[in-house]
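Notes for the structure review
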Amino acid sequence: MNILGRQVVLALIVVVMAASDAWAQRWKPPAKPPQIGYVFPAGGRQGTQFEVVVGGQFLEDVKKTILSGQGVEATLVKYERPLTQREINQLREKFDEARKRLQEMQKEDDKDKKKKGNENQGKKGAKKGGGGQLKDLARIALIAQEMGVTAEEIRAFREFFQRRNDPKRQLNPQIAETVTLRVTIAADASLGRRELRLLTPGGVSNPLVFQVGRYPEKVEEEPNDRALDTAVDDKLPVVLNGQIMPGDVDRFSFDARKGQKLVVAVRARDLIPYLADAVPGWFQATVALYDAKGTEVAYDDDYRFQPDPVLCYEIAQDGRYTLEIKDSIYRGREDFVYRITLGEVPFVTSVFPLGVRRGGTADVRLEGWNLPIRQTTVSGKAQPPGIGTLPLDLDPPPVNEAPFAFDRLSSRPEKEPNNRAKSAQLVLPPKIIDGRIDRPGDRDVFRFHGGRGDWIVVEVLARRLGSPLDSVLKLTGPDGRVLAASDDEDDKASGLLTHHADSRLSVELPEEGDYLVHLSDAQNHGGPEYAYRLRISPPRLDFALRVVPSTINARPGTNVLLTIHALRHDGFADPIDLKLIDPPEGFLIDGGRIPAGQDVLRLTLSVPIEPSEEPFMLRMEGRAKLDGKTVRREAVPAEDRMQAFLYRHLVPSDAWLATVTGRNWRINWPRPLDPGPVRLVPGETTRLRLKMPRGRVANEVRLVLDDPPEGVTIQELIHAPGELTVVFTTDAKKAAPGVAGNLIFNAFLERTVKDKNKRETKRRVPLGPLPAVPFEIADK
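Just so you know, these numbers come straight off a predicted model, no measurement behind them. (Residues numbered from 1 in each chain as written. Predicted model: local features only at pLDDT ≥ 70, side-chain atom pairs only at ≥ 80, totals over all residues. Heavy atoms only, no water.)

1. Observations concerning the overall build of the chain
Applicable threshold: Numbering goes from the N terminus for both helices and strands, where a helix is a DSSP run of H or I of at least four residues and a strand is a run of E of at least two. Accessibility here uses a 1.4 Å probe with only protein chains present; expressed as a share of the type maximum, an area under 20% marks a residue as buried, one over 50% as exposed, and anything in between as partly exposed. Each accessible area is a Shrake-Rupley estimate made with a 1.4 Å probe; only the visible protein chains count as cover when residues are assessed. When charges are counted, neither His nor the chain ends are considered; positive counts come from Lys and Arg and negative counts from Asp and Glu. A single reference atom marks each charge: NZ on Lys, CZ on Arg, CG on Asp, CD on Glu.
Within the chain, the secondary structure is distributed over six helices and 57 strands. Here the C-alpha coordinates of the chain stretch approximately 115 × 90 × 45 Å along the principal axes. Here the chain, with 780 residues, has 48% of them falling under the buried criterion. Of the roughly 38,400 Å² of accessible surface on the chain, 48% is carried by carbon and sulfur atoms. Counting 114 positive and 110 negative side-chain charges, the chain places the averaged centre of each group 5 Å from the other.

Right under this line is the structure:
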């Protein structure tokens, strides 16, 4: 099926549907896809069953909970939502009526009492004060129930006013609806991170982090923000779960003995990486530890460059200790969720070296708290290239994972002294150097020989591997002049980093001779943990892909807009062809070619015409030529998350899921009239012909361009029997020759309707995007 021939699918669908006025009257808008903002508690222990609350929007009629991995299941317990303003007004009217009825009943009672000579009873009743008011409220509620108000409506009404009047519980529609789930974790379920999603008639939700742990779990008991502490009566270690509300401070008390090497590891930002409407863009937790006298003995507001704090403290004396957690600027909300691992648990503070060659082995030195070993041998066999996790077979495992690199290049250790040009360490590219800035003010210098016109790439991997090093690179030539320098280099593949502190240089050498690479820390810091991997090599052309969004919810037979990010390495600039991997029947992408040199492409995904009860698992790959060979790179699903109203990050997800829900639309694809990409010439008009069905409704179809290339506009739409011609104009002053990509059309029906005063107005009925159409702007 040709790309252009499928562009009028939605228009034909509407032709069929709009032909019947009866259908238009019966048609109901589709259910909105669910959005989830938090899960609390955000994890649990192996071999246990417990309840969690998930907060979000459009959560009614949850059909299924989807948890990645094996051994974790969840079932729905209940759904709750806040009352609408209309429901509040209706209930207020009923309660007012119930109050009037109660007052009338009380008047009748007073008359009866007077007849019996109990004229002072009313005065005695008035002296009861609050107790009498509580009785009155209870009687009003009973009367309201007799009038048809349900117990659930009474609960929701009370909850609304409690939340409105409680400064710790702000009204937030984005997380106002909740579902309660009963979670069962098998005893042999794998430890670590999972993703949780909800499936409703509107589709599948975005993912949230859910942790499977091995230690006992405790949920905070409010109030625990003043003198009252939540006691941890169980033996350590334990995992503490809580939520921080505005101005909230949570405190937990526990017994500790002298000599214990206590680790307090917080997960907060790790659970919900980015908040769009909060500064700095996440829950910034702080933790403090107090002894029995109330003296603060330890405090942390982050761990090195990671926002989540970690305390490592050796207990000085036996006693009752208090752990305090709060937001750094006393913000809070239901989605300020945390998990704290507390106890003598293994925690890795640094490893060296930070990587190994694929297929080889490396003896890795470990530093940290409560580690049973200090060295391990790591094999690079069967490991995919890139940044992974250091494989450690420890029982119990560390509470944190150490990033570790697996590379195709061989490595060698840094050799001191190499602080100056005269003592620079000789390197024969291509090579990786495993080194450290091992003291404050240290500088490492490396020498290599290069020829005129050679391209050389110098890249640091440190911050992306958990090192606190904030690297600075400088390249000097044979004459000592500085040829290039680098401080920070952004890496979109590291979506959870907000300070991209690793450096990178790519330079064409001007002459043959010896060149020096100078590496230091931007703040002149240093120490054994300031490790790095320094690559000096010719460019290694490659690419990676991110597909956004990671969750797709569509009506049958429609098209969905996707964004593909091409993360090009070392100057790779060739086109990349995109393809679905073993797609379920009915799924197809249009406009699946990333033009040369382009980093972002919008394209469309067509979904089946049949709805499905279960979500589909999708996969996509990109193909390109590298050194004459075709290579394939699978796209990683990701969410484009906003941080603090401004910054955006690509946060990877475990799976790419799609749902097709709603009314079943059946249609035959039309025959194309103009195959091939649209060639737009600056200063000229271009025509694109689309085959259309005959009929009155077809003439009502309109198209608009969604975020078109600079200088390209639709001049007019020409309707003819069975055909629609789109006329483009390309502004010679604004359009840039060589630009290529996809044209995205949004279709709609333009209907003329009459209001109650019989005045005619234009109304647009949106149909959604059509299949993407490739284009190129030609030279004039």
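2. As for the pairing of strand β46 (residues 636-643)
Applicable threshold: By definition, two strands form a pair when at least two bridges between them are found by DSSP.
Two strands pair when backbone bridges link them, and strand β36 (residues 542-548) and β46 are joined in this way by two bridges, in the parallel orientation. When the sheet's bridge partners are listed, Val-547 is paired in β46 with Pro-637. In terms of strand pairing, β46 meets strand β47 (residues 647-652) through six bridges, oriented antiparallel. Paired with Arg-641 across the two strands is His-649, which belongs to β47. If you look at the hairpin formed by β46 and β47, you'll find three residues sitting between the two strands, and Ala-644 has a positive phi there, around 55°.

3. Quick notes on the side chain of Thr-200
Quick reminder of the rule: The contact criterion used is simple: two residues touch if any of their non-hydrogen atoms lie within 4.5 Å.
Mapped onto the fold, Thr-200 is located in strand β7 (residues 192-200). Looking at Thr-200, the relative accessible area reads 1%, which means it is buried. Dropping the residues within four chain positions of it, Thr-200 is found in contact with Pro-34, Phe-58, Leu-59, Glu-60, Asp-61, Val-62 and Lys-63.

4. Details of a nonpolar patch on the surface
For the record, the criterion: Only residues whose relative accessible area exceeds 30% and that form no salt bridge enter a patch; like-charged residues are grouped when within 9 Å of one another, and nonpolar side chains (Val, Leu, Ile, Met, Phe, Trp, Tyr) when within 5 Å. A carboxyl oxygen of Asp or Glu within 4 Å of a side-chain nitrogen of Lys or Arg is what we treat as a salt bridge.
Where nonpolar side chains cluster on the molecular surface, the patch consists of Val-279, Phe-645, Leu-646 and Tyr-647 and spans about 460 Å² of accessible area. The topology assignment puts Tyr-647 in strand β47.

5. Description of the pattern of salt bridges
Tallying each qualifying case throughout the model produces 42 salt bridges. Here Arg-623 makes a salt bridge to Glu-621, at a shortest N to O gap of 2.8 Å. Take Arg-623: its relative accessible area is 26%, and that puts it in the partly exposed class.

6. Description of the packing of aromatic side chains
The geometry of an aromatic ring pair comes down to the distance between the two centres and the angle between the two planes. Cut-off, in case you're wondering: In summary, the pairing rule links any two rings of Phe, Tyr or Trp, Trp by its six-membered ring, whose centres are within 6.5 Å, and it sorts them by plane angle into stacked for under 30 degrees, edge-to-face for over 60 and tilted for everything else. Counting as a charge over the ring demands two things of the Lys NZ or Arg CZ atom: a distance within 6 Å of the ring centre and an angle within 35 degrees of the ring normal.
One pass over the structure, following the stated rule, counts ten aromatic pairs. For the ring pair Phe-543 and Phe-572, a centre distance of 5.6 Å and an interplane angle of 20° mean the geometry is stacked. Taken together, the residues Phe-543 in strand β36 and Phe-572 in the loop between β38 (559-569) and β39 (576-580) connect sequence positions 29 residues apart. On the basis of relative accessible area, Phe-543 is assigned to the buried category, the value being 2%. With a relative accessible area of 2%, Phe-572 lands in the buried category. Taking NZ or CZ as reference, Arg-269 lies 4.8 Å from the ring centre of Trp-282, over its face. In this structure, Arg-436 is placed above the aromatic ring of Phe-352, and the distance from its NZ or CZ to the ring centre is 3.9 Å.

7. Quick notes on the sheet that holds strand β51 (residues 701-705)
Two orientations exist for strands paired in a sheet by backbone hydrogen bonds: parallel and antiparallel. Stated formally: Axis lines are fitted through C-alpha atoms, for helices just across the contact stretch, and the angle between N-to-C directions can take any value from 0 to 180 degrees.
Read from one edge to the other, the open sheet built from three strands follows the order β51-β55-β56, with strand pairing classed as antiparallel. Since the sheet does not close on itself, it has two edges, and those belong to β51 and β56 (760-769), each with one partner. Averaged over all pairs of adjacent strands, the angle between strand axes in this sheet comes to 35°, irrespective of strand direction. Taken together, the nine bridges between strand β55 (residues 745-754) and β56 define a ladder with antiparallel strand orientation. When the sheet's bridge partners are listed, Leu-749 is paired in β56 with Val-765.

8. Regarding the nonpolar core
Condition: Nonpolar cores are built from buried Ala, Val, Leu, Ile, Met, Phe, Trp, Tyr and Cys residues. Side-chain atoms within 4.5 Å join them into one set.
The biggest cluster of nonpolar side chains holds 56 residues, and the ones touching the most others in it are Leu-198, Phe-210 and Phe-254. Among residues more than four places away in sequence, those in contact with Phe-254 are Val-232, Leu-236, Leu-262, Leu-289, Gly-319, Arg-320, Tyr-321, Leu-323 and Leu-342. Counting 30 residues, the second largest nonpolar core, distinct from the first, contains Ala-554, Ile-594, Leu-601 and Phe-616.

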